[in-house]
Amino acid sequence: MVNKICCIGAGYVGGPTMAVIAQKCPDIKVTVVDINEQRIAAWNDEDVTKIPVYEPGLDAVVAEARGRNLFFSTEVDKAIDEADMIFISVNTPTKTYGVGKGMAADLKYIELCARQIARVATSDKIVVEKSTLPVRTASALKDILDNTGNGVKFDILSNPEFLAEGTAVEDLHSPDRVLIGGDESTEEGAAALKALVDVYAHWVPRECILTTNVWSSELSKLTANAVLAQRVSSINSLSELCEVTEADVNEVARAIGMDSRIGSKFLKASVGFGGSCFQKDILNLVYIAKSYGLNEVADYWEQVIIMNDHQKGRFARNIISTLYNTVSGKKIAFLGWAFKKDTNDTRESAAIYVADILLSEQAKVSVYDPKVEEYQVYSDVDYLGTRSSEENTENLTVFNDPYEACKGAHAIAVLTEWDEFKSYDWQKIYDGMLKPAFVFDGRRLLDEKQLKSIGFQYQTIGR
Ligand SMILES: NC(=O)c1ccc[n+]([C@@H]2O[C@H](COP(=O)([O-])OP(=O)(O)OC[C@H]3O[C@@H](n4cnc5c(N)ncnc54)[C@H](O)[C@@H]3O)[C@@H](O)[C@H]2O)c1
Ligand SMILES: O=c1ccn([C@@H]2O[C@H](COP(=O)(O)OP(=O)(O)O[C@H]3O[C@H](CO)[C@@H](O)[C@H](O)[C@H]3O)[C@@H](O)[C@H]2O)c(=O)[nH]1
């Protein structure tokens, strides 16, 4: 039986996942550790609305469990040594250097964790891969743990996380399935697997807890993201065809989604998918396929990314061509910067790339997002390295008020599907804009009829 859990990494996955485990398993002490002191301090903020991850309902879960059996700490060694089960939930970004640059997952943070666990552990541990990892990473982990350890035994499990940001608490409370990969052929392996099944069985029905071998589990995570993203790229590719044929992509999506073999989810045409996972995980899948010499497999999945880049680019280029082929000096207001609604996460958000193209055309971009902080917007654009930080600061302005962001603008671009955008006073926004006043709706969010009757020139994706 597991009494103490340690989770290394207090990010978008480690934080919410462990908060829910602690909430549902009051008999287990859960300590989430991170080397980022600021992040841990924010998780410990007395004002629970200041926790570093914005997720609907998460503040209440943290408030319930924190200080009871949920703890956030920077004392990594202590938490590792105390625990019977250690989740590794650190970031695994795309490599930005060396072999596999721009494709492979950077596993340096994972390896550092493994070495730290090996160095510190004085009793047997179950080590759980919670991060998304290339298939066969468990064998590398085992090598490191077994060869540099203090003679203690390590059992490795794969337990990929399927939560989506914006609905993390809901997804964790009622997951479609929990996937656990382990080695049932040995007694210890089977016991480790059972120990983790028992943790989830506190609240997840047993039939939703799926066990497989480690490699299937690792590969299923990359596959799930690849298939989900493929659906978005598929519908986005058709949105372009709809625009030239008078078909409507929403109608097409509805018509095909009612076929129970296809299903209706993940068929919403958009300005392109973002988020920290889809692109990174598909690139990783492509890299793995290539490393086994499976070039056709690699090319097949790479096309999902190529299509997504095309979708972001053509949205930006359409703004430029519609605004009489020049946006130089023109104010373009962005509603939304996060990669989807109900999150403050901006990683790989389509907004960043659209802004970058417009800034290169000397537009003045103004941004309003209900949950994203000003420094984050600047840091996202600076990170691309297209131009100096000074130039970005000069031409990009972040507003706390949507009406101010839109005042004096030539055009508005909707980049995130935040609900509040729908209920704005669009007449007031129109009155404050230059005419003709354009709206480019990258999410098919707004009421076209209403906007057109006010006088807006309205364009959206896939119609
Ligand atoms: N974000 C999601 O929705 C999501 C969903 C499912 C799976 N995943 C996967 O989960 C993993 C984590 O993603 P995330 O979004 O939570 O990342 P994140 O960047 O939000 O959090 C990772 C945290 O790990 C910490 N960290 C890194 N190295 C450390 C070390 N050696 N010791 C202690 N702390 C360390 C970092 O400081 C950071 O706070 C990734 O592999 C990702 O692919 C993410
Ligand atoms: O029909 C759709 C569905 C999604 N998106 C976009 O796709 C991106 C990803 O959305 P979503 O999958 O809902 O959010 P993530 O938090 O990135 O979650 C994905 O990535 C996680 C990290 O691996 C997985 O755990 C989740 O299961 C998987 O859905 C966002 O930009 C969405 O706007 C669309 O454009 N159209």
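Look above for the structure.
This text gives an overview of the structure that appears in the document. (Residues numbered from 1 in each chain as written. Chains lettered and ligands numbered in written order. Predicted model: local features only at pLDDT ≥ 70, side-chain atom pairs only at ≥ 80, totals over all residues. Heavy atoms only, no water.)

What follows covers the overall build of the protein. Helix and strand counts for the protein stand at 18 helices and 14 strands. Taking 23 Å as the expected radius of gyration for a compact globule of 463 residues, we find that the protein reaches 24 Å, a close match to that expectation. Out of the 463 residues belonging to the protein, those deemed buried represent 53%. Relative to all contacts within the protein whose residues are 6 or more apart in sequence, the contacts with residues 24 or more apart total 75%. Total accessible area computed for the protein in this model is approximately 20,400 Å², and 51% of it derives from carbon and sulfur atoms. (Helix = DSSP H or I, 4+ residues; strand = E, 2+ residues; numbered from the N terminus. Rg over C-alpha atoms; globule rule 2.2 N^0.38 Å. Buried < 20%, exposed > 50% of the residue type's maximum accessible area, 1.4 Å probe, protein only. Contact = heavy atoms within 4.5 Å. Areas by Shrake-Rupley, 256 points an atom, 1.4 Å probe, with all protein chains shown as cover.)

Relative to the helices and strands, lysine 125 is located in strand S5 (residues 125-129). For the pair lysine 125 and isoleucine 86, spaced 39 residues apart in sequence, the C-alpha to C-alpha distance is 7.1 Å. If near-sequence neighbours (up to four positions away) are discounted, lysine 125 is found in contact with Ile80, Asp81, Glu82, Ala83, Asp84, Ile86, Lys153, Phe154 and Asp155. Here the side chain of lysine 125 touches isoleucine 80 through a polar contact of 3.2 Å, landing on its backbone oxygen. Here the side chain of lysine 125 touches alanine 83 through a polar contact of 2.7 Å, landing on its backbone oxygen. (Polar contact = N/O pair within 3.5 Å; in protein donor to acceptor, adjacent residues only side chain to side chain.)

Here the focus is the pattern of salt bridges. Going through the model one piece at a time under the given rule, you end up with 28 salt bridges. A salt bridge links arginine 206 to aspartate 198, with the shortest nitrogen-to-oxygen separation between them at 3.8 Å. Via salt bridges that share partners, Asp248, Arg444, Glu448, Lys452 and Arg463 belong to a single interconnected network. (Salt bridge = Lys/Arg side-chain N within 4 Å of Asp/Glu carboxyl O.)

Let us now look at the layout of surface pockets. Rolled over the atoms, a probe sized like a water molecule indicates the empty space that remains. Of the voids in this model, the second largest pocket is the one considered here, and its volume is about 300 Å³. Forming the boundary of the second largest pocket are 16 residues, of which Leu107, Pro134, Arg136, Thr137 and Ala140 lie nearest the centre. Among the secondary structure elements, those contributing two or more residues to the lining of the second largest pocket are helix H5 (108-120), helix H6 (137-148) and helix H11 (278-291). A total of four residues in the lining of the second largest pocket trace back to one element, the largest contributor, which is H6. Residue composition of the lining of the second largest pocket, by class: 11 nonpolar, two polar and three charged. Composition of the lining of the second largest pocket by domain shows at least three residues from each of domain 1 (4-212) and domain 2 (222-304). (1 Å grid on protein atoms, 1.4 Å probe; cavity = no way out; pocket = protein on both sides within 12 Å on 5 of 7 lines; lining within 4 Å. Points joined across faces, edges and corners; volume = space filled by probe spheres on them. Nonpolar A, V, L, I, M, F, W, Y, C, P; charged D, E, K, R; others polar. Domains from an automatic or database assignment.)

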